[in-house]
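# Coordinates in review
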Amino acid sequence: DQQVKQNSPSLSVQEGRISILNCDYTNSMFDYFLWYKKYPAEGPTFLISISSIKDKNEDGRFTVFLNKSAKHLSLHIVPSQPGDSAVYFCAVSSPNSGGSNYKLTFGKGTLLTVNP
Amino acid sequence: EPEVTQTPSHQVTQMGQEVILRCVPISNHLYFYWYRQILGQKVEFLVSFYNNEISEKSEIFDDQFSVERPDGSNFTLKIRSTKLEDSAMYFCASSEEGGTEAFFGQGTRLTVV
């Protein structure tokens, strides 16, 4: 049951360059998409999100793009910094049957390494 | 900045014993969650909790598991009769009413021996 797929287990980029992290999902009913960053021995930290009614959301160095027809989203980090080195999880949000709280379904994550 | 706090950070228990993992969600949040991550695997949803009752649970969350909000600030996950395969990082999370961004604690590493 892989509703959310992150096909690249790792990515290495040079400091100052762009990092592009990709994610594919299977269910067109998902309505909210999120990226989390995780350092070792810490919990996931919310980074940025996008609603299904948008195709782009930007927050500083981080931009998330959503392509609903392809069921694909990506996270762009520019410029990349060594402190960005972490595991990045794509997550999709789906409300429960009551339409209230939302559970998250995560991808397996991509380990980003930004080299100085 | 408000944060979700979890205790203990690491729990070692004998197989068959009961454990209680504790969480203090962000104070104005109304939705609470438990997730777990087995080593090398993805973060998995266990249960969500709202208005003093479970609103959704996964297949993993069977009769071995229970959650409780014993007072106005704590949110607990009880695992009865622990098994080796329960060894994992357990993350508590909370979100605002209607919010979709869940904020996670630092996790409790549970080791069943």
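Use the structure listed above.
Residues numbered from 1 in each chain as written. Chains lettered and ligands numbered in written order. Predicted model: local features only at pLDDT ≥ 70, side-chain atom pairs only at ≥ 80, totals over all residues. Heavy atoms only, no water.

### Observations regarding the state of the cysteines
If you walk through the whole model with that rule in mind, you get two disulfides over all chains. Each sulfur of the disulfide joining Cys23(A) and Cys90(A) lies 2.0 Å from the other. Its S-S torsion of about -70 degrees marks the bond between Cys23(A) and Cys90(A) as left-handed, since a negative value means left-handed. Of this pair, Cys23(A) sits in strand E3 (residues 19–25) while Cys90(A) sits in strand E9 (residues 86–95), placing them 67 residues apart in sequence. The disulfide bridge from Cys23(B) ends at Cys92(B), spanning 1.9 Å between sulfur atoms. Taking the sign of the S-S torsion, -65 degrees for the link of Cys23(B) and Cys92(B), the bridge is left-handed. Of this pair, Cys23(B) sits in strand E3 (residues 19–24) while Cys92(B) is found in strand E9 (residues 88–95), placing the two residues 69 residues apart along the sequence. (Disulfide = S-S within 2.5 Å. Helix = DSSP H or I, 4+ residues; strand = E, 2+ residues; numbered from the N terminus.)

### Considerations on the sheet that holds strand E1 (residues 4–5) of chain A
Residues and elements named next belong to chain A. As summarised here, the arrangement of the five strands in space is E1-E3-E8-E7-E6, forming an open sheet in which the pairing is antiparallel. With partners counted over all chains shown, the strands left at the sheet margins are E1 and strand E6 (56–59), one partner each. The pairing of E6 with strand E7 (residues 62–67) spans four bridges and is antiparallel. Of the residues in E7, the one forming a bridge with Asp 59 is Phe 62. (Pairing = 2+ DSSP bridges.)

### Digging into the packing of aromatic side chains
Residues and elements named next belong to chain B. Considering all chains together, one arrives at 18 aromatic pairs over all chains under this definition. Centre to centre, the rings of Phe 49 and Phe 75 are 5.2 Å apart; their planes meet at 40 degrees, and the pair counts as tilted. Of the two residues, Phe 49 is situated in strand E5 (residues 43–50) and Phe 75 in strand E8 (residues 75–79); the sequence distance between them amounts to 26 residues. A relative accessible area of 0% places Phe 75 in the buried class. Arranged with centres 5.7 Å apart and planes meeting at 25 degrees, the rings of Phe 61 and Phe 65 form a pair that is stacked. (Phe/Tyr/Trp six-rings, centres within 6.5 Å; stacked < 30°, edge-to-face > 60°. Buried < 20%, exposed > 50% of the residue type's maximum accessible area, 1.4 Å probe, protein only.)

### A few points about the side chain of Thr76(B)
Residue placement: Thr76(B) occurs in strand E8. Apart from the residues lying within four places of it in its own chain, the contact partners of Thr76(B) are Ile20(B), Leu21(B), Arg22(B), Trp34(B), Ser66(B), Val67(B), Glu68(B) and Pro70(B). (Contact = heavy atoms within 4.5 Å.)

### Quick look at the interface of chain B and chain A
Bring the parts together and some accessible area is lost; that lost area is often taken as the interface size. If you look at the interface, chain B gives 20 residues, while chain A gives 23 residues. Both faces combined, the contact of chain B with chain A buries some 1,900 Å², and carbon together with sulfur accounts for 60% of it. On the chain B side of the interface with chain A, the three residues burying the most area are Lys42(B), Thr100(B) and Glu101(B), jointly 32% of the side's total. Remark: the boundary between chain B and chain A carries one salt bridge. When the shortest N-O distance is used, the salt bridge between Lys103(A) and Glu56(B) registers 3.6 Å. Linking chain B with chain A are five residue pairs in polar contact (both at pLDDT 80 or more). At the level of elements, strand E4 (31–37), E5, strand E6 (53–57) and strand E10 (103–104) of chain B are the ones that each hand at least two residues to the side of chain B that touches chain A. For the side of chain B that touches chain A, a count of residues per class yields nine nonpolar, eight polar and three charged. (Buried area = accessible area lost by both parts, 1.4 Å probe. Salt bridge = Lys/Arg side-chain N within 4 Å of Asp/Glu carboxyl O. Polar contact = N/O pair within 3.5 Å; in protein donor to acceptor, adjacent residues only side chain to side chain. Nonpolar A, V, L, I, M, F, W, Y, C, P; charged D, E, K, R; others polar.)

Worth remembering: the numbers are spatial, not functional.
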